[in-house]
Amino acid sequence: MGTVILQSVVSVDGFIADEKGDVGPLHEWYFSGDVPIVLGKGEGEEFDHSGSGSAFKVSRASADYVRSTWESVGTIVMGRNLFDQVNGWEGRPPAGDHVVVVSHRPKPEGWHPEASYHFVDGVTAAIEKAQQLAGDRIVAVNAGDAGAQILAAGLVDEVAMDVVPVVFGSGLRFFGTIAEQHLLEDPHVVIQGDRVLHLRFKVRR
């Protein structure tokens, strides 16, 4: 089975968005560099996650890490709140071929039937489905409340944080409302980009 990684862009005080879900300046580094991220979408075609027609362009220091990470993702796991907020990226996930949504409610009727989106009740079942779909590729779990539940259940192998030098003060936490301690190993990835620091930690067993 592929590695399960809890990941997100995060402020230095641990927030992934404000109370309304607005990421503010957290994602500016995605568009302020000189190197476009190309993910095998066709010769010369740039990867576009924003839906606005603006392809990601990151600094050279970040480019190899971001590209290799996204290319290794097989399945994304997200909570229902994020799905509703971004409307499931209109059926086109930023990485990987499949999405598993942790939700008590089913997929909206008629919503992008062509997209490989699976609505699963419960975090354990969600990770099992995600790993089945991903095979040997990475399962990327979006940080927040659902991600924190998956970490608390002992189902996360690594934590990946793209730390942006901004203090939010309040908002949606990377680790949600998790209350207990979880030890991580020393970071095995430390890459300083432009206005972002990429860190990855293995979860200590």
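For clarity, every value in this text was computed on a predicted model and none was experimentally measured.

Turning our attention to the overall build of the protein. Helix and strand content of the protein: four helices and twelve strands. The C-alpha atoms of the protein give a radius of gyration of 16 Å, which matches the 17 Å a tight globule of 205 residues would have. By its C-alpha atoms, the protein is 40 × 40 × 35 Å across when sized along the principal axes. For the protein, the residues scored as buried account for 46% of the 205 residues in total. At a minimum sequence separation of 6, the contacts of the protein that also span at least 24 residues come to 67%. When the accessible surface of the protein is summed, it comes to about 10500 Å², and 49% of that surface belongs to carbon and sulfur atoms. Placing the 17 positive and 28 negative side-chain charges of the protein at their respective mean positions leaves the two points 1 Å apart.

Below, the discussion takes up the sheet that holds strand β6 (residues 98-102). The eight strands are arranged β7-β6-β5-β8-β1-β9-β12-β11 in an open sheet whose pairing can be described as mixed. The open sheet has two free edges, formed respectively by β7 (117-120) and β11 (189-192), since each of these has just one partner strand. The average angle at which neighbouring strand axes cross in this sheet is 20°, direction not considered. Note that strand β5 (residues 73-79) and β6 share five bridges and pair parallel.

Bringing the pattern of salt bridges into the picture now. Evaluated as defined, the whole model comprises eight salt bridges. Between arginine 137 and aspartate 97 there is a salt bridge, with the nearest N and O atoms lying 2.9 Å from each other. Of this pair, arginine 137 sits in the loop between α3 (123-134) and β8 (138-142) while aspartate 97 sits in the loop between α2 (80-86) and β6, and the two are 40 residues apart along the sequence. Several salt bridges converge on common partners, so that one network encompasses Arg80, Asp84 and Arg105.

Turning to the nonpolar core, a few remarks are in order. Of all hydrophobic cores here, the largest spans 32 residues; its most connected members are Trp29 and Tyr117. Sorting the residues of this core by element identifies β1 (4-11), α1 (60-72), β5, β6, β7, β8 and β9 (158-164) as the ones contributing at least two each. Residues in contact with tryptophan 29, not counting those within four places in the same chain, are Val9, Lys57, Val58, Ser62, Val66, Asp162, Val164, Asp194, Arg195, Val196 and His198. Core analysis: the next-biggest nonpolar cluster, separate from the first, contains 26 residues, Val10, Ala126, Met161 and Leu199 among them.

Bringing the side chain of serine 103 into the picture now. For serine 103, the location among the structural elements is in the loop between β6 and β7. You can call serine 103 buried: its relative accessible area is 8%. The contacts of serine 103, once residues within four sequence positions are left out, are Arg80, Phe119, Val120 and Asp121.

So, how was this worked out
- Residues numbered from 1 in each chain as written.
- Predicted model: local features only at pLDDT ≥ 70, side-chain atom pairs only at ≥ 80, totals over all residues.
- Heavy atoms only, no water.
- Helix = DSSP H or I, 4+ residues; strand = E, 2+ residues; numbered from the N terminus.
- Rg over C-alpha atoms; globule rule 2.2 N^0.38 Å.
- Buried < 20%, exposed > 50% of the residue type's maximum accessible area, 1.4 Å probe, protein only.
- Contact = heavy atoms within 4.5 Å.
- Areas by Shrake-Rupley, 256 points an atom, 1.4 Å probe, with all protein chains shown as cover.
- Lys, Arg positive; Asp, Glu negative; His and termini not counted.
- Charge placed at Lys NZ, Arg CZ, Asp CG, Glu CD.
- Pairing = 2+ DSSP bridges.
- Axes fitted to C-alpha atoms, helices over the stretch in contact; angles between N-to-C directions.
- Salt bridge = Lys/Arg side-chain N within 4 Å of Asp/Glu carboxyl O.
- Core = buried A, V, L, I, M, F, W, Y, C linked by side-chain atoms within 4.5 Å.

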